[in-house]
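Spelled out from the first residue to the last, the chains are:
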Amino acid sequence: MEIEANLSSNENGSNQEEGESRKAKGGLITMPFIIANEAFEKVASYGLLPNMIFYLMNEYKMGVTKATNVIFYWSAATNFTPLVGALLADSFLGRFLTIALGSIFTLMGMTLLWLTAAIPHVRPPPCDQFTTHRKPATSAQHALLFTSFALMSIGAGGIRPCSLAFGADQLNKKNNTNTLESYFGWYYASASVSVLIALTGIVYIQDRIGWEVGFGVPAILMLLSTLLFFLASKLFLNKACIIKNPQEVYSTNRWNLCSIEQVEELKALLRVAPLWSTGIMPAINISQSSFLLLQANSMDRHIGSSAFQIPAGSFGMFSVVTLTIWIVLYDRAIIPFASRISGRRIHIGAKSRMGIGIFLSGVSMAVSGAVEYVRRKKAVEQGLSMSALWLVPQNCLTGLAEAFSAIGQTEFYYTEFPRSMSSIASSLFGVGMAVANLAASVVLSAVDGATGGGGKGSWVSSNINEGHYGYYYWLLAGLTFLNLFYFSICSWFYGDCVDRVAENGEGVEDNLYQFS
């Protein structure tokens, strides 16, 4: 009884302290610091990825297969660690400490990467004019490079799963829906602008000035991000994990803690797993950005007759722009217009959007293969350099496919899982991306091994004109359309999705026409 009284007293005290803390901390004054922290981190991190294939091939003397696999592993780690970070934040550390540690780790990783560019002795020496022999990187040089990647992946695991929720924690959700909605809007707007700046400004600096400055600028931006976050630390409200029923801690039989609700959660997860697996193939296609860079680098990137060249690493911005434009048009124009014509609110179900996304992803790979086939033929047979603007359609298709597939998956997981599994639902897409990065590495290595034997040139040769990247793209397109058939089977077996439209009022579903 004494223990129970103390626990009850502590719980009441904690609630009272939390209420007083909320009055003294948080609020709109914290928003610029949180949004700026996230924006600087995104510019810094996303600015490093596009040109990394060139850095690994030119400075570390890696072949295209090895360099691409390194990027796949790095991306897989970066997509997986947020799941660990979310669990740590919710169960042990709290969001503030998790973001703070993530910022420090990211800064350390970016600084270490900058040192690999700034100090010549920590990377392989360049080829001299008398020999074409390239001395490979030593184990110590590789260890330094991979340590920088590991630190940045750990940092991403602390920042990315917590920033959005941490900002929402600062706002009083009672009678403050408009403020919360405004915050989400500004948050995603700043994220989109940050990615565009990374794909244009940071990439341009790397192309024109060099790696030392190109890696130094992201490190400086990450330093500013970390400083801003710590400077505002006294303003933040940090909601820690609270045990609502402390008596459960003293349960002598842990099996008694397993409730019917937990069994239902496991059943929901297992039921969704087959459809979740269908999202891996579109994610594999999205991860092929390294080959896009090699294509763009071998093509004419001038705009008209001007001297300006679009950086090879900036062509990914067409995917981001297409995705953003489609989201705005779909939400603000297409659905309202279709609803006005039909007289009922039109809604395309999450599963339908997932299927459309898989189809468009296959089309984008087919188009990519066709463009590469024509580019290689002109380059090899005629010695002509094809305009890189031919890469824009496949980028737009990739962005459109991601808009359908990624958003459809996220909505599907969120609506199909119980509310107690919201955190798992929001992290499933990232886990799928991590698995896709590993699967992409397996596919690439298999293609390289199968097509590069017997003295033949590999489809994915480091020399783009000696390889057959078009065949590789068509292989991915074929696998994607097979995956679409697999998706159809999984969707049929899954059955109807949970309809949550009527949760906020009766009769709402009567005015809804849904393409499921």
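Residues numbered from 1 in each chain as written. Predicted model: local features only at pLDDT ≥ 70, side-chain atom pairs only at ≥ 80, totals over all residues. Heavy atoms only, no water.

1. Regarding the environment of Gly-94
Basically, it comes down to this: A run of DSSP states H or I qualifies as a helix once it reaches four residues; a run of E qualifies as a strand once it reaches two. Both are numbered from the N-terminal end.
Considering the arrangement of structural elements, one finds Gly-94 in the loop between α4 (64-93) and α5 (95-118). Along the backbone, Gly-94 and Phe-166 are 72 residues apart, and their C-alpha atoms lie at a distance of 9.3 Å.

2. A word on the environment of Ile-202
Operational definition: Every residue pair with non-hydrogen atoms within 4.5 Å of one another is taken to be in contact.
Looking at where Ile-202 falls in the secondary structure, it is placed in helix α8 (residues 177-208). Considering only alpha carbons, one finds Ile-202 and Pro-218, 16 residues apart in sequence, at a separation of 7.7 Å. The residues contacting Ile-202, other than those within four sequence positions of it, are Val-43, Gly-47, Ile-197, Gly-214, Val-217, Pro-218 and Leu-221.

3. So, unusual backbone geometry
Quick reminder of the rule: Each residue gets one of three labels from its accessible area relative to the maximum for its type: buried under 20%, exposed over 50%, partly exposed in between, using a 1.4 Å probe on protein chains only.
Of note in this structure, Lys-61 is not a glycine but carries a positive phi near 60°. Among the residues examined, Lys-61 registers a relative accessible area of 17% and is labelled buried.

4. Comments concerning the pattern of salt bridges
The condition that has to hold: Salt bridge criterion: a side-chain nitrogen from Lys or Arg within 4 Å of a carboxyl oxygen from Asp or Glu.
Counting across every chain of the model gives three salt bridges. Of the charged contacts, one joins Arg-123 and Glu-59 as a salt bridge, the two residues approaching to 3.2 Å between their closest N and O atoms. Taken together, the residues Arg-123 in the loop between α5 and α6 (139-159) and Glu-59 in helix α3 (residues 52-59) connect sequence positions 64 residues apart. Across the pair Glu-372 and Arg-375 runs a salt bridge whose closest N-O atoms are separated by 2.9 Å. Here the residue Glu-372 and the residue Arg-375 both occupy positions in helix α14 (residues 350-382), the gap between them amounting to three residues, near one helical turn. You can call Glu-372 buried: its relative accessible area is 1%.

5. Notes on the packing of aromatic side chains
Let me state the cut-off plainly: Note on ring pairs: Phe, Tyr and Trp rings are taken, using the six-membered ring of Trp, and paired if centres are within 6.5 Å. Classes follow the plane angle, with under 30 degrees stacked, over 60 edge-to-face and the rest tilted.
Applying the stated criterion across every chain, the model contains 23 aromatic pairs. On the numbers, 5.9 Å between centres and 65° between planes, the contact of Phe-412 with Tyr-413 is edge-to-face. Taking relative accessible area as the criterion, Phe-412 reaches 0% and is therefore assigned buried. Classification of Tyr-413 as buried rests on a relative accessible area of 0%. Following the ring pairs from residue to residue traces out a cluster consisting of Tyr-55, Tyr-60, Trp-211 and Phe-215.

6. Let's talk about empty space enclosed by the protein
This is how the line gets drawn: We place a 1 Å grid over just the protein atoms. Points where a 1.4 Å probe fits but has no way out form a cavity, open points with protein on both sides within 12 Å along at least 5 of 7 lines form a pocket, and any residue with an atom within 4 Å of a point lines it. Grid points are joined across faces, edges and corners, and a volume is the space filled by probe spheres set on the points.
One pass over the full model with this rule turns up two cavities of 30 Å³ or more. Put simply, the largest cavity is a space of about 50 Å³. Pro-282, Asn-285, Ile-286, Ser-361, Ser-364, Met-365, Thr-398, Ala-401, Glu-402 and Ser-405 together form the lining of the largest cavity. Counting only elements with at least two residues in the lining of the largest cavity, the list comes to α11 (280-286), α14 and α15 (392-416). For the lining of the largest cavity, the element with the most residues is α15, which contributes four residues. Size it by volume and the second largest cavity reaches roughly 30 Å³. In terms of lining residues, the second largest cavity is bounded by Gly-279, Pro-282, Ala-283, Ile-286, Ser-405, Ala-406, Gln-409, Phe-429 and Met-433.

7. Description of the packing of helix α13 (residues 317-342) against α15
Our working definition: Interaxial angles span 0 to 180 degrees and are taken between N-to-C directions of axes, which are lines fitted to C-alpha atoms, for helices over the stretch in contact. If an angle is under 35 degrees, it is roughly parallel; if it is over 145, roughly antiparallel; if it lies from 65 to 115, roughly perpendicular; otherwise it is oblique. Should the near helix be turned anticlockwise from the far one by less than a right angle, the crossing is termed left-handed; should it be turned clockwise, right-handed.
The interhelical angle for the contact between α13 and α15, taken along N-to-C directions, is 50°, at an axis separation of 7 Å. By the criterion of interaxial angle, the relationship of α13 to α15 is oblique. As α13 packs across α15, the resulting crossing turns out to be right-handed. Judged by residue contacts, Phe-318, Ser-319, Thr-322, Leu-323, Trp-326 and Ile-327 of α13 engage Val-392, Asn-395, Cys-396, Thr-398, Gly-399, Leu-400, Glu-402, Ala-403, Phe-404 and Ile-407 from α15.

8. Remarks on the confidence of the model for the protein
How we decide: Predictor confidence is given residue by residue as pLDDT, running from a minimum of 0 to a maximum of 100.
Taken as a whole, the protein shows an average pLDDT of 79; of its residues, 79% reach a score of 70 or greater. When the elements of the protein are averaged for pLDDT, helix α1 (residues 2-24) gives the smallest value, 47, and helix α17 (residues 469-494) the largest, 94. Confidence over residues 16-22 falls short of pLDDT 50; this stretch has nine contacts with residues more than four positions distant or in other chains. Scored below 50 in pLDDT, residues 248-257 shows six contacts in the model against residues more than four places distant or in partner chains.

9. Points about α14
Put simply, the test is: Here a helix's expected span is defined as the number of its residues, less one, multiplied by 1.5 Å.
For α14, built from 33 residues, the straight-helix expectation of 48 Å at 1.5 Å per residue is met to within 8% by its first-to-last C-alpha distance of 47 Å. Gly-383 sits one or two positions beyond α14 and adopts a positive phi of about 70°.

10. Looking at a nonpolar patch on the surface
Note the threshold: Only residues whose relative accessible area exceeds 30% and that form no salt bridge are eligible for patches; like-charged ones are grouped when within 9 Å, while nonpolar side chains (Val, Leu, Ile, Met, Phe, Trp, Tyr) are grouped when within 5 Å. In these tables, accessible area is a Shrake-Rupley quantity obtained with a 1.4 Å probe, and a residue counts as shielded only by the protein chains included in the view.
A cluster of nonpolar side chains, contributed by Phe-80, Val-84, Leu-88, Phe-92, Leu-93, Leu-97, Leu-101, Ile-104, Met-108 and Phe-230, occupies part of the molecular surface with about 850 Å² of accessible area. Mapped onto the nonpolar patch, the elements with two or more residues apiece are α4 and α5. The element that contributes the greatest number of residues to the nonpolar patch is α4, accounting for five residues. Looking at where Leu-97 falls in the secondary structure, it is placed in helix α5.

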